[in-house]
Amino acid sequence: MRRRHLTILFSDLSDSTRLADAMEAEDYADLLGRLRRAYQEVIPKHGGTIVRIQGDGLLAIFGYPDAGENDGRRATETALQLHAVVREFRFERPLPGARLGLHSGIHAGLVLLDEGDLVRGRFELLGNAPNIAARLSDAAEKDEILVSEATLGAESHFFQTGGRQHLEVKGAAEPIGVYRILGRAPATTRFEARARRGLVPLVDRKAEMRALEETLQAAAAGEPAYVALSAGPGLGKTRLADEFLGRAAGKFQVHRGHCESYLNAEPLQPFLQMLRSLCRLERGMSAVLAAEALGRTLRGIDPALERHRGELLRALSLLSGEPDGARATPDNTAAALRDLFAALAASRAIVLFIDDWQWADDATRQVLGAIRRLERCRLMVLLATRGIAAGDAEMSDARVLDLAPFSESEAAETVSALLPSRDPFVVAEIHRYSGGNPLFIEELCHSAAHDSAEHRFGRARGGAAWLNGLIESRVARLPAAQAELLRAAAVIGNVVPAWLLEGMTGRGEHDPLVQGLAEQDFLFPGEAPGWLRFKHGITRDVIYDSVGLHQRRAMHLRIAESLLRHGSGSEAEPFEALAYHYGAGGRHAEAARYAELAGDKAMAAAALDRAQAQYRAALAALDLLEPTEANRRRRSQIVQRFGMACVFDPAKDQLDVLQRAAEFAAGHDDAAGVAGAEYWLGYLNYGLGESRLAIGHCERALAAARRAGDEALGVQITATLGQARAAAGDYAPALAQLDAAIAVRRAHRTGPAIGSAYSLACKASVLGDRGSFAEAHACFDEALDALRGGNKVVEGSVLCWRSAVCLWQGRWEDARQSAAEAEHIAERVKSLYVYGMSRALGAYANWILRGDPQALGTIDAATQWLEARDKRLFISLNYGWLAEGMVAAGRFGEARAHASRALKRARRDDRLGEAMACRALARAAAGGHARRPPERYLALAMQAARDRGARHETAATELCAAEIELARGNRAAALPLLERAMAGFEAMDMAWHLAQAERLRQ
């Protein structure tokens, strides 16, 4: 059996049961015979393989024996032709009902392929992909073709479609995106198809563009020039050429052609395309009309070219299907095309562009050779190719421009154009997984646009089967020994120790086959000597999937044993690799052990995302072992560490792990396990901004901890209850619980006090909101002192809170500096919440200090990152800042939208941005841009401040009211408000606000 990515086509005759009942048996047999002959004639023409013809139904595959990067397109064009052929069937006796029609379904995916028999067909296909293709065929109406989006990707734009739709398909975990194919589209090249999808702005490539333009200027001066853009598939050769040709088109003649690997590609394809375009010839045009059009064109360019008309007509006769084309001689055709382009260049400099040169036929190469021999001709030839083979004569004197993958900043520019609201951590992940390949980046972005917010790019996604075909087609072109070597490397991983590859295959990093994989854009030397790495994570995953399950498992276990022997006694034992290979090899006990150790190692390095992944893997492995008491205790311990890894960047998908742990513990009457799991559920819900849920979980956790007699955990839960109540604005009980937890921890402090530090920061936030800024800053100082040499993630959270309190007090520069320190920490530990909030905090300070209009965009982007991941702890602050900023910028519609979001959050007990949002609405109302008078919004702001006991909000609202009265010319009403605001500002040491009020009073 072989594992292959294949494209599967199912076609059936519509209404076949009714037809069989209504037709004479002989007539129906004749119909089936004609249908079978149509299948047998059309499928091979498009490179397909018939697996089975059963009655009126067809099962065919594309991508066997050799994978092709356009297998989905081939299958779709096959279905279109089959449908057209069957529609035109005619019989002596009229058929009952309407004319005949097929219904077809096409889907691509991983298939287990085995030899078949008379019953099963030529091959047996095992896997979900054939089932889905069959379901799509069943769902198709008469004369309808349904193709999954996964199959076509960007090549859907080769066809006219009914638009993307979703179908619930039995056997598929989620609804499948499908296209209804209506016919062929005008696009003739892959680049045109992608352009119809929408091109992103050209990123960088400034040096290459400058080189192209310099070469063009030299050609315009009479020095023929030959340039090749060389890179692997998807690196943007055609995109760069298109941009360059667009710039050149105003002053130069531009003629384009392309080569392709498609079965019906004609000889001389790119030059005939140029000739047809030049003469305005169309397919299907008669030989007479083609001759007239060609003659007019040649005479218009140079009457001397008339002597070549016969030769060019013979070359073009393929256009009309005339057999005369077989008599065209290569030498004469090359000379005719050479003279034609030379004559064109005599009047105005000319650029000839040929895309996908790697697929050029011998006749095309002969023509280019003739053109290259032209001298003193204003001509530039530009080729785009996937690489230049040794000894390629056509490239011997060409200037070769090698395109490199995108850097992280270039990838970020592309991603921002396609996914403007994605956070920088997702951008970095896309860059890593794509290897900087622009095509892969675009495909991941288009796919991510339909993914859940928590999706990670850990696998190659079944949603890009057309991309899998492209990769497999490249592997299929390798020599067999080199392909096997590449598959072994893929099983080892994305990063491959050279000693391990040599141990598995007998070939080290200096072996010619290994070095040849770099030339083929697969496996490269790593950053450190003795290591190799895959160029693209997507490529590695597709190749890995092609290795048979049993072979793969055996290889994983061999790798694990080799790693164990090699790393035995080493301080840097490869726990992560051991966990992965033992897990993939089916040895679950070892997988659980090493995943747990790998999680602990990641926690010690503050790599929290990796720690979460490893603890998840350990729990998944434990699920596959006997549920012994020892394994139950181990599970409970790992859950506690998983919770610790999640608290600094909580996400909704983490809750499922903890909810299962709570239910598991309750089912085994394990009070300690219940307490731990409920505690982390409370903490994560607090971190997600769900204060009410957090309080409920914490109360259940506290009751369970008391039953278990766990006083230390009870202190932790009490602290978290205080944090959750503080977040809900219930300050009195919050302070009592925070103080109780802080006192116990102070009494038992032995090292960096991580828990105490965050409790102190939460207490400081409550004190700051109440206007007790001196006490708040004393708490922050104690918290940061307690963290010296301790947890950097907690330090980032504390600094975020200090920044927020400094904003309330009007200490803008201090707020900006604390936010910058928090942002630096968040980048290092990959905490999106701390990163997003620190960016927003610093941007608001910059907006106040400098009036920087970009600052509002920064706050908005950071807020979108947090919203996309459901991270809403204190997000009402962001909405308040945005509402205030948008009013100041005169963007009142946006201001109302952000204020509305702040008020909605207030109804969920997140009230920190409520008063600010109401003040923004009051200012908008004063300018006639709100539905109610300013007094209504000022009253709401004042109520929000009183409910929280937020003295700084009370004073700020009085100042806002005074500003509005002064704008109305009502100084008498404004002065008492200013006096009260100034007294509050002075008492709270809010110097900046006091200065603002004093200026208004003057």
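Please give an account of the confidence of the model for the protein that cites residues and values.
Taken residue by residue, the protein gives an average pLDDT of 87. The fraction at 70 or more is 91%. The least confident element of the protein, judged by mean pLDDT, is helix H6 (residues 190–197) at 54; the most confident is helix H40 (residues 914–926) at 97. Of the regions scoring below 50 in pLDDT, residues 318–326 engages in 16 contacts with residues more than four places distant in sequence or in other chains. In this model residues 452–463 is a low-confidence stretch, pLDDT under 50, and it forms 31 contacts with partners more than four residues away in sequence or in other chains.

So what's going on with the packing of aromatic side chains? Which residues, and what values?
According to the stated counting rule, one finds 15 aromatic pairs in the structure shown. Measuring from ring centre to ring centre gives 5.4 Å for Phe 425 and Tyr 835, while their planes differ by 50°; the resulting arrangement is tilted. Placement of Phe 425 in helix H15 (residues 424–434) and of Tyr 835 in helix H36 (residues 832–850) is noted, with a sequence separation of 410 residues between them. When sorted by exposure, Phe 425 lands in the same class as Tyr 835, which is buried. The interplanar angle of 90° and the centroid separation of 6.0 Å between the aromatic rings of Tyr 679 and Tyr 683 together place this pair among those described as edge-to-face. Here Tyr 683 and Tyr 679 lie together in helix H28 (residues 671–687), a separation of four residues that amounts to about one turn. Exposure class is identical for Tyr 679 and Tyr 683. Each is buried.

Please give an account of helix H41 (residues 934–948) that cites residues and values.
The end-to-end C-alpha distance of H41 is 22 Å, a good match for the 21 Å that 15 residues give at a rise of 1.5 Å each. Within the span of H41, buried status applies to Pro 934, Tyr 937, Leu 938, Ala 941, Met 942, Ala 944, Ala 945 and Arg 948. When H41 is viewed along its axis, its buried side chains cluster within an angular range of 160° and face the same direction. Elements that come into contact with the buried residues of H41 comprise helix H31 (731–747), helix H32 (754–769), H40 and helix H42 (951–967). In the segment just after H41, Gly 949 is the residue with positive phi, at about 70°.

Just give me the short version of the packing of helix H34 (residues 792–809) against helix H35 (residues 812–829), but keep the residues and values in it.
Following both chains from N to C, one finds H34 and H35 inclined at 155°, their axes separated by 8 Å at the closest point. Classified by the angle their axes make, H34 and H35 are roughly antiparallel. Our pair here, H34 against H35, has a crossing hand that is left-handed. For the pair H34 and H35, contact is made by Lys 792, Val 793, Glu 795, Gly 796, Leu 799, Cys 800, Arg 802, Ser 803, Cys 806 and Leu 807 and by Trp 812, Asp 814, Ala 815, Ser 818, Ala 819, Glu 821, Ala 822, Ile 825, Arg 828 and Val 829, respectively. Of the residues contributing to the contact of H34 with H35, the split by class is 11 nonpolar, three polar and six charged.

If you had to explain the nonpolar core to someone new, which residues and values would you point to?
Counting 195 residues, the largest nonpolar core has Tyr 686, Trp 801, Phe 874 and Trp 881 as the members making the most contacts within it. With sequence-adjacent residues up to four places away left out, Phe 874 is seen in contact with Tyr 686, Ala 727, Trp 801, Tyr 833, Met 837, Asp 910 and Leu 912.

Lay out the sheet that holds strand E16 (residues 531–534) with the relevant residues and their values.
Sheet architecture is open: three strands sit in the order E14-E16-E15, paired in antiparallel fashion. The strands lining the two open edges of the sheet, one partner per strand, are strand E14 (495–497) and strand E15 (523–525). On average, adjacent strands in this sheet sit at an angle of 30° to one another, irrespective of strand direction. As paired elements, E15 and E16 share three bridges and run antiparallel to each other. By the bridge assignment, Phe 524 is partnered in E16 with Arg 533.

Please give an account of the environment of Pro 529 that cites residues and values.
With respect to the helices and strands, the residue Pro 529 is situated in the loop between E15 and E16. By relative accessible area, which is 79% here, Pro 529 ends up exposed. When the C-alpha atoms of Pro 529 and Leu 59 are compared, they prove to be 50 Å apart, with 470 residues separating the residues in sequence.

Tell me about unusual backbone geometry, and please be specific about residues and values.
A cis amide bond, omega 5°, links Tyr 64 with the succeeding residue Pro 65. Its location among the elements puts Pro 65 in the loop between strand E3 (57–62) and helix H3 (71–87). Positive phi, close to 60°, is recorded for Leu 268, a residue that is not glycine. Mapped onto the elements of the fold, Leu 268 is located in the loop between strand E10 (253–258) and helix H9 (269–279).

With reference to specific residues and values, describe the sheet that holds strand E13 (residues 399–402).
By way of backbone hydrogen bonds, the strands of a sheet pair with one another, either parallel or antiparallel. The five strands lie next to each other as E10-E11-E12-E9-E13, forming an open sheet whose pairing is parallel. The open sheet terminates on both sides in strands that have one partner only, identified here as E10 and E13. The mean inter-strand angle of the sheet, taken between neighbouring strand axes irrespective of direction, is 15°. Bridge count between E10 and strand E11 (residues 350–355): six bridges; the pairing is parallel. Along E11, the bridge assignment pairs Gly 257 with Ile 354.

Before we move on, can you summarise the pattern of salt bridges with the specific residues and values?
If you walk through the whole model with that rule in mind, you get 57 salt bridges. Ionic pairing is found between Arg 239 and Glu 243, a salt bridge with its closest N-O pair at 3.3 Å. Of this pair, Arg 239 and Glu 243 both sit in helix H8 (residues 237–248), four residues apart, which is roughly one turn of the helix. Residue classification places Glu 243 among the partly exposed positions, given a relative accessible area of 26%. Note that Glu 311 is salt-bridged to Arg 314, the shortest N-O span being 3.1 Å. With Glu 311 and Arg 314 both in helix H11 (residues 309–316), this residue pair falls three residues apart, about one helical turn. Of the residues examined, Glu 311 reaches a relative accessible area of 8% and is grouped as buried.

An account of the pairing of strand E1 (residues 2–13) is needed here, citing residue identities and associated values.
In terms of residue burial, E1 counts as a mostly covered element, since 10 of its 12 residues are buried. For E1 and E3, the ladder comprises five bridges, and the chain directions are antiparallel. Counted as the bridge partner of Ser 11 is Leu 58 from E3.

Could you give an account of the side chain of Arg 205, naming the residues involved and the relevant values?
Positionally, Arg 205 belongs in the loop between H6 and helix H7 (206–220). With no salt bridge to any partner, buried Arg 205 finds its closest opposite charge in Glu 208, at an N-O distance of 4.4 Å. Not counting chain neighbours up to four residues away, the residues in contact with Arg 205 comprise Leu 235, Leu 240, Leu 403, Ala 404, Phe 406 and Pro 438.

Reading the values: the criteria
- Residues numbered from 1 in each chain as written.
- Predicted model: local features only at pLDDT ≥ 70, side-chain atom pairs only at ≥ 80, totals over all residues.
- Heavy atoms only, no water.
- pLDDT = per-residue confidence, 0-100.
- Helix = DSSP H or I, 4+ residues; strand = E, 2+ residues; numbered from the N terminus.
- Contact = heavy atoms within 4.5 Å.
- Phe/Tyr/Trp six-rings, centres within 6.5 Å; stacked < 30°, edge-to-face > 60°.
- Buried < 20%, exposed > 50% of the residue type's maximum accessible area, 1.4 Å probe, protein only.
- Expected span 1.5 Å × (residues − 1).
- Arc of directions from axis to C-beta.
- Axes fitted to C-alpha atoms, helices over the stretch in contact; angles between N-to-C directions.
- Parallel < 35°, antiparallel > 145°, perpendicular 65-115°, else oblique.
- Left-handed = near helix turned anticlockwise from the far one by under 90°.
- Nonpolar A, V, L, I, M, F, W, Y, C, P; charged D, E, K, R; others polar.
- Core = buried A, V, L, I, M, F, W, Y, C linked by side-chain atoms within 4.5 Å.
- Pairing = 2+ DSSP bridges.
- Salt bridge = Lys/Arg side-chain N within 4 Å of Asp/Glu carboxyl O.
- Lys, Arg positive; Asp, Glu negative; His and termini not counted.

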